Amino acid sequence: MEARLERRNARFQQWEALLTNRNTRHRLGEFLVQGVRPINEAIAHHWRIRALLHAGNLRSQWARDLVRGQVADEVIRLSPELLHELAGKDEDTTELIAVVAIPPDDLTRIRVRPNGVLVVLDRPISPGNVGSLLRSADALGIDGVIVAGRAADLYDPKTVRGSRGSLFAVPAVRAETPTAVLEWLRTIDAMTLVGTSEDAVTDIWNHDFTGPTAVVVGNETSGMSSFWANNCDVVLRIPMVGSASSLNATVAASITLYEITRQRA
């Protein structure tokens, strides 16, 4: 049975707040997703879809199939004006918006393979960078991503858009303190913690990445915190030949992950 919503009410205001207020997202345990690939990835990886929102006049077979397919707890038809308010700049192309449940922040959601690779994001600032890193992790078969400390929100709309659906494919968990992350990493047999720094002396391609590895990615402004710098087993550098003194944190992480994949190919 399809519900209808023609004018603003308290529930609509909650959905609206999901776009801008991280506290609301985490209090309600849900966030908004739009776009064909992100919604498909959420469904394919068995994330709970609490609601599908649409305004009728569905143009694509994809949207019609989802609305009829019982993939969500409920389907709600909004007025076109209300859907446009939630769609923002994509209002002219948006047919569906999914309200998706946030999974628990439990490190055991990450299944680490015997020679698995993890990424630890140390207090990232930019949600767009987090989304881009998730895309790299997905493309290179990484087992999971951990966001440590006070950081950009995994479920910020910019993170969701930047990941292009990879948020749903790669287990990503937030942790309030780096200590909890380190304690969990040390329970994984033979796990090596690897950081990158422009001041390191060993190049990334001179390190053996064939064993279990956790790559620590520092903050975009200040790099790795002293906690992670002191607890990494090895710190490596990415050689550069131009005038730039450092790389974007996401770029440096992606280069390191690609080197890991190259060595294991």
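Preceding this paragraph is the structure being described.
First, a word on what this report is: a plain description of the structure on this page. (Residues numbered from 1 in each chain as written. Predicted model: local features only at pLDDT ≥ 70, side-chain atom pairs only at ≥ 80, totals over all residues. Heavy atoms only, no water.)

**Some points on the sheet that holds strand 1 (residues 3–5)**
So, point 1. Taken together, the five strands give an open sheet; going across it, the order is 1-4-3-5-2, and neighbouring strands pair in mixed fashion. The sheet is open, and its two edges are formed by strand 1 and strand 2 (30–34), each paired on a single side. Going from strand to strand, the sheet's axes swing by 25° on average, the running direction of each strand aside.
So, point 2. Pairing analysis gives four bridges linking strand 3 (residues 49–54) to strand 5 (residues 97–101), with the strands arranged antiparallel. Each bridged residue has a counterpart across the sheet, and for Ala51 the counterpart in strand 5 is Val99.
So, point 3. Each of strand 2, strand 3 and strand 5 touches helix 3 (residues 36–44); the most contacted strand, strand 2, lies at about 130° to it. (Pairing = 2+ DSSP bridges. Helix = DSSP H or I, 4+ residues; strand = E, 2+ residues; numbered from the N terminus. Axes fitted to C-alpha atoms, helices over the stretch in contact; angles between N-to-C directions. Contact = heavy atoms within 4.5 Å.)

**Some points on the sheet that holds strand 6 (residues 117–122)**
So, point 1. Read from one edge to the other, the open sheet built from seven strands follows the order 8-7-6-11-9-12-10, with strand pairing classed as parallel. Looking along the sheet, the strands with just one partner apiece sit at the ends: strand 8 (172–175) and strand 10 (202–203).
So, point 2. Against the sheet, helix 11 (residues 249–264) engages strand 6, strand 9 (192–196) and strand 11 (213–217), with an angle of about 165° to strand 11.

**Here's the deal with the pairing of strand 7 (residues 144–148)**
Regular strands show a simple pattern: their side chains alternate between the two faces of the sheet.
So, point 1. Counted residue by residue, strand 7 has five buried out of five residues, so it is predominantly covered.
So, point 2. The alternating pattern of strand 7 places Gly144, Ile146 and Ala148 on one face and Val145 and Val147 on the opposite face, and all of these are buried.
So, point 3. In terms of handedness, the path from strand 6 via helix 6 (residues 127–139) over to strand 7 forms a crossover that is right-handed.
So, point 4. Note: strand 7 against strand 8, four bridges, orientation parallel. From the neighbouring strand, Val145 faces strand 8, where its bridge partner is Ala172. (Buried < 20%, exposed > 50% of the residue type's maximum accessible area, 1.4 Å probe, protein only. Right-handed = clockwise from strand over helix to strand, strands pointing away.)

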